Amino acid sequence: MSAQERAFEHSSRTRDCREFLANVWEGLPSLAEPLAEGYIQVSKRFGHVAANTWLRRNTQGLIDPGRVYRRFAPIADDLERGAASLRRLERTTIEGIQAENAWLADVEKRLTVGALNATHDDEALVRYAEAQARAVDDERQKLIGGIADYNRRRQHGLLPPPARAVSPQGETLSAKLTDYRDQLADSRNALTPPPAAVPLMKVMRFAYHPPMSLAVVDEIALKKARQRAALHDIEPPARRSRNAVQLARLSCSLWWRRKLRRTAGRRLEQVQREAHRVHARAGIYCSDMTVERRRSQKVRNRALLETLEAINQDGQVYSLAELAELGLANADHRRAELMLRIRDTENEARRLGHAGMFYTITAPSRFHPVLHKNSRRNRKYDGSTPREAQQHIQKLWSQARAKLAREGLGVYGIRVVEPNHDGTPHWHLLLWMEPEAEPRVTEILREYAEAESPDELYDRRGHKTTARFKPVRIDYSRGTAAGYVAKYVSKNINGEQFARDGVENDSQDRYGHELSDAAPRIEAWAATWGIRQFQFLGLPSVTVWREVRRLTERNEEALRQWEEATRPAPTVSERLALIRQAANAGQWDLFMRLMGGPNTPRADQPIKPWSLNRPDTGQAEFSHATGEEHHGIEARGRYGEPVKATWGLVVRDDRGRQAEYLTRLYRWEIRSRQQAAGSSGAGEAGDAWTCVTNCTGVSVTPLSTTPSTPPPEVLAEQVRRFVEWRQSDEQRAIAEDADLEARLVRAAAQRLFQPPAPPEPEEFFPPELC
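An account of the accompanying structure is given in this report. What you see is a predicted model, and the numbers here were worked out from it, not measured in a lab.

## Overview of unusual backbone geometry
With glycine set apart, most residues show a phi of negative sign, and most peptide bonds adopt trans. Located in the positive-phi region is Asp 233, a residue other than glycine, with phi close to 60°. Structurally, Asp 233 can be placed in the loop between α11 (214–231) and α12 (243–250).

Below, the structure written as structure tokens:
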């Protein structure tokens, strides 16, 4: 006998009681058995009346977990495990069911981004993004279509005058509401005709209505589009940009796709953390689903790069995948550059006699979903995401850095962010400073790191632990500072490193996983939550370092020609030559010394990047297709905003004289490989920079202010198409509708201005005839 049947045996066994229980079991089929068991226990102790009351009270607002599991089928098993563990945490079964229900209801709300199910595949997300972008554009086009109708009604005086502003009077809120209603009731509707005895001109007054324009339409459409983005919990574009740029983003399916992927990915990962599926005994650092999503994203990116190629002015052609492998997108190159900068920074610090410290800062317990020792649920966890934990540590670091600046204590080094096994970030700081400043720097960092929840810092015996803040002095007799962070750098990039001699399990993380296996999970974790893993502090700009290294020995002739053309001061040229020699030799310590040393403000450094808005000399100043006139030659991005790019370096000497140096010596054209294979001019890079249009028969003089006259046959063809458009059925219908509306307006106006007809005399019957 099932628990539901036994529950009926403990009820009053009446028809009403049977229907009541049947409705409860039918509405909550997944919870029927545990609720029936609870009903039996209450009925045994207090009777069936109390059991009915208990069941009615505790099932209000409950949802069926099975419905949630079916809706989010890809993670149904994870949700079921998480709900079961939440139920076991409570003292009684009914409290566990309520806690489980509350969490599942919240999960259902979070995993629904607008109308998109976050667990659906990427193809569904792409289609949904296209639908949202199309809806924004359709709304704008609908408003544009109403411009002519609005202006036509305005011209004929059919628009009502603006409503009079109502200012409620009264001391209390109730009095103001009453006065507001009275004023609305007494006010006259602008469209209501006046009584027959009142002259029309006495009532109607002329009210100016500005004509509708495209700027007004864009403002209305932008407001609705931003509301649509807010409904999806997506941050709209910045308001400081132009309305046209904001609308272009909000009506672009690629923009929606990128935002939806980020939102859905973070919500899915947070639900996995809450479901107890991210820890050392399950999916370490991040869930298996997030790792798979990141792998799919990399496959898509790689496939896209393989289909595109770049060609420069020398005719050299490379696929974008090949160029990516040559840059910092290659994990080996990125790791090598990081280790070079760390090692040479240490060499410079030791030359200056500075002390090195290695600090570890961890977030408080409320950011950790599981316990460190046994991976069980942490009751102090408040549902914070890894991104919120990262912002918490960033805030305390900014406070500590501000206090260090106020006391004149300079530090420099590197910050490495990596996750705990449950996905909560913690920081490793490798800092150098003056030896006498070390005690005070450590005290300040400890003060801010341990400010929140200091009771968590002590164990059961009352001894203070280093769970929140751990300082370690660099002992050069045991190894270099680069050796302290080499493992963390490798672990956060690709897991490749040379194991140190005499260090046991150096190729594994602290949880016993191989670094090569842990690195992809950490990379997926950082990409999902948008966390910057490495950041150097108090050191010269790495952008300058990379731009200087572009001027290799092969570019000596181009550099000489540039200096002959620009004629920089000899001291400026000499300074660049020294810094260029150090950078090309891979001597970061010498480069740092020539740039002013550690903690030198950027404004005082001799070299800074040279950034300008990218020009586009190939665009015509007048478009025959849209009639738009372009002013200037600034290149525009996909959404119409100016494109700013780094072109080279600005070098300054000790006297303040400066000169610009070009480091981007190649101009690249990006094109699809399929298009290049089908074109006759494949392999020639000069075609991309011609200043002519591709319109057949229409020529535009490069950089001219007015278009040239087209040939007679082209002009005749354009006139013919225009006449056909004017005589089309659609345009005739529009013109006929406008003419009919105008005639109706004139007829209505004549009726209004005609004086009212005198009333007809009533028939009179003498009394004697009645």
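## A look at the environment of Glu 95
Mapped onto the elements, Glu 95 comes out in helix α7 (residues 93–110). When the C-alpha positions of Glu 95 and Asn 58 are compared, they lie 9.0 Å apart, and in sequence the two are 37 residues distant.

## A word on the packing of helix α19 (residues 481–491) against helix α20 (residues 515–529)
Remark: α19 packs on α20, axes separated minimally by 8 Å, with the N-to-C direction vectors making an angle of 60°. Between α19 and α20, the angle falls in the class oblique. Packed against α19, whose contacting residues are Lys 487, Ser 490 and Lys 491, the element α20 presents Leu 515, Ala 519 and Ile 522 at the interface. Residues belonging to the contact of α19 with α20 are distributed by class as follows: three nonpolar, one polar and two charged.

## Considering α7
The α-helix advances 3.6 residues per turn, and as a result positions three or four apart in sequence lie on the same side. Counted at 1.5 Å a residue, the expected span for α7 with its 18 residues is 26 Å, and the 26 Å between its end C-alpha atoms agrees. Considered for burial, the residues of α7 that qualify are Ile 94, Gly 96, Ile 97, Glu 100, Asn 101, Trp 103, Leu 104, Val 107, Glu 108 and Arg 110. Residues of α7 that are buried make contact with α3 (32–46), α4 (48–58), α5 (65–71), α6 (76–89), β1 (112–113) and α13 (253–274).

## Points about a nonpolar patch on the surface
A grouping of Tyr 318, Tyr 666, Trp 668 and Ile 670 is seen on the molecular surface, where their side chains present a nonpolar patch of about 390 Å² in accessible area. Secondary-structure assignment places Ile 670 in strand β13 (residues 669–672). Under the relative-accessibility criterion, Ile 670 is labelled partly exposed at 49%.

## Focus: the sheet that holds strand β12 (residues 658–662)
Strand order in the open sheet made by the three strands is β10-β11-β12, with antiparallel pairing throughout. Unpaired on one side and paired on the other, β10 (607–613) and β12 mark the two borders of the sheet. Within this sheet the neighbouring strands show an average axis-to-axis angle of 40°, counted without direction. In this sheet, strand β11 (residues 644–652) lies alongside β10 in antiparallel orientation, the contact comprising seven bridges. Residue Pro 609 lies in a different strand from β11, and its bridge partner there is Leu 649. The strands touched by helix α22 (residues 556–566) are β10 and β12; relative to β12, the strand with the most contacts, the crossing angle is about 140°.

## Looking at the environment of Thr 600
Turning to its location among the elements, Thr 600 is positioned in the loop between α24 (588–594) and β10. Under the relative-accessibility criterion, Thr 600 is labelled buried at 18%. C-alpha of Thr 600 to C-alpha of Pro 540: the two residues are 60 residues apart in sequence and 7.6 Å apart in space. Separated by 2.6 Å, the side chain of Thr 600 and the backbone oxygen of Gly 596 make a polar contact.

## A look at the sheet that holds strand β3 (residues 308–311)
The strands making up a sheet associate through backbone hydrogen bonding, with each pair oriented either parallel or antiparallel. The three strands are arranged β4-β3-β13 in an open sheet whose pairing can be described as antiparallel. The open sheet terminates on both sides in strands that have one partner only, identified here as β4 (317–319) and β13. Strand-to-strand twist of the sheet, defined as the mean angle between neighbouring strand axes without regard to direction, takes the value 30°. The pairing of β3 with β4 spans three bridges and is classified as antiparallel. The residue bridging Ala 310 from the neighbouring strand is Tyr 318, located in β4.

## Focus: α3
Helix length check: α3 (15 residues) gives 21 Å between terminal C-alpha atoms against 21 Å at 1.5 Å per residue, within 8%. Inspection of α3 places Ala 32, Pro 34, Leu 35, Ala 36, Gly 38, Tyr 39, Ile 40, Val 42 and Ser 43 among the buried residues, and these make up the whole buried set. The inward-facing, buried residues of α3 abut α1 (3–9), α2 (15–27), α4, α6 and α7.

## A look at the pattern of salt bridges
Opposite charge on two side chains permits pairing when their charged atoms draw close. Scanning the entire structure with this criterion turns up 51 salt bridges. The shortest N-O distance in the salt bridge between Asp 78 and Arg 81 comes to 3.1 Å. Note that Asp 78 and Arg 81 are positioned in helix α6 at a spacing of three residues, about one turn of the helix. By relative accessible area, which is 18% here, Asp 78 ends up buried. The partner of Glu 557 in a salt bridge is Arg 560, and the shortest N-O contact between them spans 2.1 Å.

## What about the side chain of His 232?
Among the secondary structure elements, His 232 is positioned in the loop between α11 and α12. Polar side-chain contacts of His 232 include one of 2.6 Å to the side chain of Tyr 128. Reaching out from His 232, the side chain makes a polar contact with the backbone oxygen of Arg 228 at a distance of 2.8 Å. With sequence-adjacent residues up to four places away left out, His 232 is seen in contact with Val 113, Gly 114, Ala 115, Tyr 128, Gln 132, Trp 256, Leu 260, Thr 263 and Arg 267.

What counts and how
Residues numbered from 1 in each chain as written. Predicted model: local features only at pLDDT ≥ 70, side-chain atom pairs only at ≥ 80, totals over all residues. Heavy atoms only, no water. Helix = DSSP H or I, 4+ residues; strand = E, 2+ residues; numbered from the N terminus. Axes fitted to C-alpha atoms, helices over the stretch in contact; angles between N-to-C directions. Parallel < 35°, antiparallel > 145°, perpendicular 65-115°, else oblique. Contact = heavy atoms within 4.5 Å. Nonpolar A, V, L, I, M, F, W, Y, C, P; charged D, E, K, R; others polar. Expected span 1.5 Å × (residues − 1). Buried < 20%, exposed > 50% of the residue type's maximum accessible area, 1.4 Å probe, protein only. Patch = residues over 30% accessible without salt bridge, like charges linked within 9 Å, V, L, I, M, F, W, Y side chains within 5 Å. Areas by Shrake-Rupley, 256 points an atom, 1.4 Å probe, with all protein chains shown as cover. Salt bridge = Lys/Arg side-chain N within 4 Å of Asp/Glu carboxyl O. Pairing = 2+ DSSP bridges. Polar contact = N/O pair within 3.5 Å; in protein donor to acceptor, adjacent residues only side chain to side chain.

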